[in-house]
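Next come the chains, spelled out residue by residue.
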Amino acid sequence: MTTITPSASTSSDLTIGRPRSRRARRVSESLIESVLASCGGFSILTTIAILVVLTTETVRFFGQDEVSVGEFLFTGEWNPLLGETKHFGIWPLIWGTMLVTVIAMLLALPLGFLTAIFLSEYAPRRVRSVLKPVLEILAGVPTVVYGFFALTVITPGLMAIGDFNTYNATSAGLAVGIMCLPIVCSMSEDALQAVPRSLRAGAYALGGTKFDATVKVVFPAALSGVIAASLLAIARAVGETMIVALAAGGLARLWSSPTEQTQTMTAYMVQIFLGDVSNHGVEYFSAYAVAATLFVITLSLTIIGHRVRVRFREVYE
Amino acid sequence: MTRAFRPDPKARARRVRTNRIFVGLCLAATGFSIISLGVLLVTIGLSGAGQLWGLDRDARDAAMAPQTLEATTDFGVLDRVDWAQAASDLDLPALASLARVDFAALGTGPQDLWYAPEIADVDWSEVHASPPLEDVETLAGLDWATIVERVRTPGAGRLAATVRHSRLGSFLFSAPSRKPEQAGIWPPLIGTVWICVVCAFFALPIGVGTAVFLEEYKPHGRTLRRLHGFIQLNISNLAGVPSIVYGIIGLTAFVGMFGIVAMSAPIEIGDPDAWYHLRIPFGRSVLAGGLTLMLVILPIVIISTQEALRAVPDSLRQGSLALGATRWQTIRGTTLPAAVPGIMTGAILAMSRAIGEAAPVLVVCGTVFILSSPSNLMGDFTALPLQIYNWAGRPQAGFHAIAASGIIILLVVLLTFNAAAIIIRQKFQKPLQ
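Residues numbered from 1 in each chain as written. Chains lettered and ligands numbered in written order. Predicted model: local features only at pLDDT ≥ 70, side-chain atom pairs only at ≥ 80, totals over all residues. Heavy atoms only, no water.

Asks: When you look at the overall build of chain A in this model, what are you seeing that I'm missing?
Replies: Along its length, chain A carries 12 helices and 2 strands. Reading the helices (α) and strands (β) of chain A from amino to carboxyl end gives α-α-β-β-α-α-α-α-α-α-α-α-α-α. For chain A, the residues scored as buried account for 52% of the 317 residues in total. Long-range pairs, those at least 24 residues apart, make up 68% of the contacts in chain A between residues at least 6 apart in sequence. (Helix = DSSP H or I, 4+ residues; strand = E, 2+ residues; numbered from the N terminus. Buried < 20%, exposed > 50% of the residue type's maximum accessible area, 1.4 Å probe, protein only. Contact = heavy atoms within 4.5 Å.)

Rendered as structure tokens:
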């Protein structure tokens with residue numbers, strides 16, 4: 001302990017609170033520390049609970065007669081609810097998730113980067129100070145609102161343009177992209193702002209235009225932050241639930257086109273937990289297996305993001 | 001060998017042009033982002049605000065006019081009917097809610113009749129035709145709309161009647177219904193308030209405690225430092241877990257309690273109607289919902305509190321320690337008060353996340369169609385975003401319109417929270433350096 005504890009003999013005016021014996025104080029200090037430590041332990045407990053629940057229920061799922069690990073991981077048909085024989089191959093759900101995520105990122109990443117560059121490098125200070133908080137507030141709009149927007153605005157718009165189904169992956173993907181836009185933009189902008197002024201000044205001194213300074217110097221310098229922002233946005237898109245549950249439909253098929261309906265892992269879980277599936281059926285436990293898959297995917301994205309940030313961070317002083 | 005620098009005017013012009021195109025691109029992207037977000041808000045506003053504006057004058061005047069209920073009916077007969085049985089026999093779920101009506105008192109006093117629109121929906125001729133319910137004959141002849149009105153607004157004043165019959169008032173204060181024009185959001189709104197209070201009650205102390213532990217009790221030993229780093233990494237990983245996974249954990253850990261106690265034979269503490277009623281396992285209750293939301297926002301609370309604590313300059317801590325304060329005294333007397341604005345801002349933003357979160361609540365709630373607001377921690381509940389999801393998922397346009405109205409209410413609540421966070425940040429953030 002490096003703290004200095006006043007002895008009881010010094011004037012009590014100098015101590016905070018009433019004077020107590022040194023021993024009593026030490027006991028209460030360590031008591032408080034252990035309470036705070038147990039608060040910290042709670043987060044570990046949460047992680048353990050997640051791992052235990054997902055593992056035991058997934059094991060129980062694979063223990064059923066209808067399924068095997070091989071079928072789950074290596075076959076491409078997902079048909080747990082309808083039909084004579086049930087099929088549990090995870091890939092159609094992963095395909096649906098990928099489809100929605102890719103469409104979302106095609107929209108969110110370029111737009112987010114360009115908007116971030118505009119706000120950080122080009123916009124006058126006043127414009128920036130207004131737009132940044134607005135974007136941050138929009139990042140707090142509940143996802144069910146974006147889902148409603150997809151269903152009532154984007155889908156009719158798409159159906160007017162081309163041959164789209166009432167529920168389709170494109171509509172959901174675009175809505176997820178709009179949802180991710182503020183996240184990508186805000187975090188990339190922070191990364192760009194962290195690049196020191198001297199780098200820009202150097203680029204100008206070499207005769208570069210603003211484009212040269214931004215694209216060839218500042219953006220590469222901020223790359224670790226930008227990649228971390230992108231990975232976070234991808235993780236968000238993969239785990240997004242309400243938008244896809246509302247707008248993407250409920251039919252999981254491998255290689256389905258973006259104009260048709262599709263089902264993501266999260267949307268399948270919604271279908272199971274909202275439907276009248278019995279609590280002990282194989283379909284019910286399949287939701288846990290899907291959740292475990294989703295957890296593994298998002299966890300690896302988070303860890304990669306963390307690694308990227310630590311590994312490629314450029315420190316300027 | 002050095003070469004003299006010769007500016008190439010053409011190359012220069014090309015680069016200036018590239019620059020100009022790029023600026024245009026950036027502007028277009030920013031414009032698109034803002035327009036798409038603007039379109040989002042405007043379309044929802046346009047489709048939802050219509051349902052919230054206006055006043056049904058005739059209905060208000062009718063409610064204010066003195067009304068008498070025909071006292072010719074023997075309501076006592078109705079109290080003796082087994083409504084739950086009747087509901088399952090006839091496949092009319094709305095009938096089950098009649099079990100709670102005190103029919104004898106119907107003509108005289110006010111009652112909680114949030115389920116009344118459901119009563120008005122019942123096809124009484126069908127009920128009357130079935131053998132065990134001959135007594136119900138009298139019900140068919142009743143003007144339920146009037147009864148409901150009278151019970152709801154006993155001796156309504158002009159203001160109360162105006163509020164009730166304005167579109168906004170009737171939307172806010174009615175229960176969800178199968179008819180979109182009668183539907184309201186009172187039970188989901190109250191359900192959201194309940195789960196958010198429970199969530200804040202648990203998440204804030206635990207979150208702030210964890211952050212204080214991580215920031216203020218930096219250990220010196222090697223193993224302890226590893227443990228610290230592990231908790232830190234663990235929290236940033238938890239922040240990335242999709243919220244629906246938390247919902248599943250909540251379903252297993254809180255709703256079912258890992259199956260240690262069977263759901264069908266729960267351990268009950270206290271009377272089911274008492275405020276302190278407790279049941280193990282928690283079941284699909286307010287407590288389970290609030291605790292699940294706590295898991296979702298805990299990492300956010302911890303991370304934002306840590307940032308607030310990190311912003312407190314070290315000189316303050318050192319000053320306090322130099323005066324002879326212990327570690328905890330320093331935290332309580334110096335560090336925490338200095339960090340309170342930052343902690344509050346983070347907590348409010350975390351709570352607004354909790355309010356808008358639908359996926360975990362959906363998993364915990366399941367499909368139940370709930371028409372009354374919960375009365376204690378073990379009550380069934382539904383939440384605002386979940387109700388919006390239900391409405392938005394239906395094919396009829398009428399439900400889409402009320403979903404938009406619900407979204408407006410939700411956004412107003414969230415905007416209030418965000419505005420509070422901004423005001424706190426502006427008002428209390430004193431430079432400490």
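Moving on from the coordinates now.
Asks: How should the interface of chain B and chain A be read in this particular structure?
Replies: How big an interface is tends to be stated in terms of the accessible area lost upon association of its parts. In this assembly, 83 residues from chain B lie in contact with 79 residues from chain A. Both sides of the chain B and chain A interface together cover about 7,100 Å² of buried area, and 77% of this is carbon and sulfur. A per-residue breakdown of the area chain B buries against chain A is headed by B:Phe22, B:Leu37 and B:Tyr389, which together make up 9% of the total. If you look at where chain B meets chain A, you find 1 salt bridge. Two residues, B:Arg15 and A:Asp212, come together in a salt bridge whose shortest N-O distance is 3.2 Å. Scanning the region where chain B abuts chain A turns up 12 residue pairs in polar contact (both at pLDDT 80 or more). A total of 23 residues in the side of chain B that touches chain A trace back to one element, the largest contributor, which is helix 1 (residues 9-49) of chain B. Its residues placed into classes, the side of chain B that touches chain A shows 56 nonpolar, 22 polar and 5 charged. (Buried area = accessible area lost by both parts, 1.4 Å probe. Salt bridge = Lys/Arg side-chain N within 4 Å of Asp/Glu carboxyl O. Polar contact = N/O pair within 3.5 Å; in protein donor to acceptor, adjacent residues only side chain to side chain. Nonpolar A, V, L, I, M, F, W, Y, C, P; charged D, E, K, R; others polar.)

Asks: Quick question: what am I supposed to make of the pattern of salt bridges here?
Replies: If charged atoms from side chains of opposite charge come close, those side chains can pair. In the structure shown here, the tally under the stated rule is 14 salt bridges over all chains. Note that B:Arg317 and B:Glu216 form a salt bridge whose closest N and O atoms lie 2.8 Å from each other. Taken together, the residues B:Arg317 in helix 15 (residues 314-322) and B:Glu216 in helix 11 (residues 186-216) connect sequence positions 101 residues apart. Looking at B:Arg317, the relative accessible area reads 14%, which means it is buried. In this structure, B:Arg317 engages B:Asp314 in a salt bridge whose closest nitrogen and oxygen atoms are separated by 2.7 Å. Taken together, the residues span about one helical turn, with B:Arg317 and B:Asp314 both in helix 15 at a distance of 3 residues. Overall, the relative accessible area of 47% leaves B:Asp314 in the partly exposed class. Taken together, the salt bridges that share partners define one network made up of A:Arg128, A:Lys132, A:Glu189 and A:Asp190.

Asks: Help me understand unusual backbone geometry in this model?
Replies: Note on backbone geometry: most residues besides glycine have negative phi, and most peptide bonds are trans. The backbone of A:Trp255 shows a phi angle near 60 degrees, a positive value even though the residue is not glycine. With respect to the helices and strands, the residue A:Trp255 is situated in the loop between helix 10 (242-247) and helix 11 (265-274). A positive phi is found at B:Met257, a non-glycine position, where the angle reads about 50 degrees.

Asks: Before we go on, may I ask you to explain the side chain of A:Thr241 in this structure?
Replies: For A:Thr241, the position within the fold is in the loop between helix 9 (223-239) and helix 10. The exposure class of A:Thr241 is buried, given its relative accessible area of 2%. Polar contacts involving the side chain of A:Thr241 include one to the main-chain carbonyl oxygen of A:Gly239, which spans 3.2 Å. Once you skip the residues sitting within four places of it in the chain, A:Thr241 turns out to touch A:Thr266, A:Val270, B:Ile244 and B:Ala359.

Asks: What is the right way to read the packing of helix 9 of chain A against helix 12 (residues 282-311) of chain A from this model?
Replies: Think of two packed helices as two axes; the pair is described by the angle between the axes and how far apart they sit. Residue and element names in this part refer to chain A. Closest axis-to-axis distance for the helix 9/helix 12 pair is 9 Å, and the angle between their directions is 170 degrees. Of the possible angle classes, the one that applies to helix 9 and helix 12 is roughly antiparallel. Residues Ser224, Ile227, Ala228, Leu231, Ile234, Ala235, Val238 and Gly239 of helix 9 form the contact with helix 12, whose participating residues are Leu294, Ile297, Thr298, Leu301, Ile304, Gly305, Val308 and Arg309. (Axes fitted to C-alpha atoms, helices over the stretch in contact; angles between N-to-C directions. Parallel < 35°, antiparallel > 145°, perpendicular 65-115°, else oblique.)

Asks: Where do I start with the packing of helix 3 (residues 91-122) of chain A against helix 8 (residues 210-221) of chain A in this structure?
Replies: All names here are of chain A. Relative orientation of the contacting elements helix 3 and helix 8 amounts to 115 degrees, with a least axis distance of 12 Å. Here helix 8 runs roughly perpendicular to helix 3, going by the angle between their axes. Helix 3 and helix 8 meet at a crossing whose hand is right-handed. From helix 3, Phe113, Ile117, Glu121 and Tyr122 reach across to helix 8, where they touch Lys210, Phe211, Thr214, Val218 and Phe219. Across the contact of helix 3 with helix 8, the residue classes tally to 6 nonpolar, 1 polar and 2 charged. (Left-handed = near helix turned anticlockwise from the far one by under 90°.)

Asks: Would you explain the environment of A:Pro80 in this entry?
Replies: Residue and element names in this part refer to chain A. With respect to the helices, strands and loops of the structure, Pro80 is situated in the loop between strand 1 (78-79) and strand 2 (87-88). Residues Pro80 and Val282 lie 202 residues apart in sequence; the distance between their C-alpha atoms is 8.4 Å. Apart from residues no more than four positions distant in its own chain, Pro80 is found in contact with Lys86, His87, Phe88, Tyr268 and Glu283.

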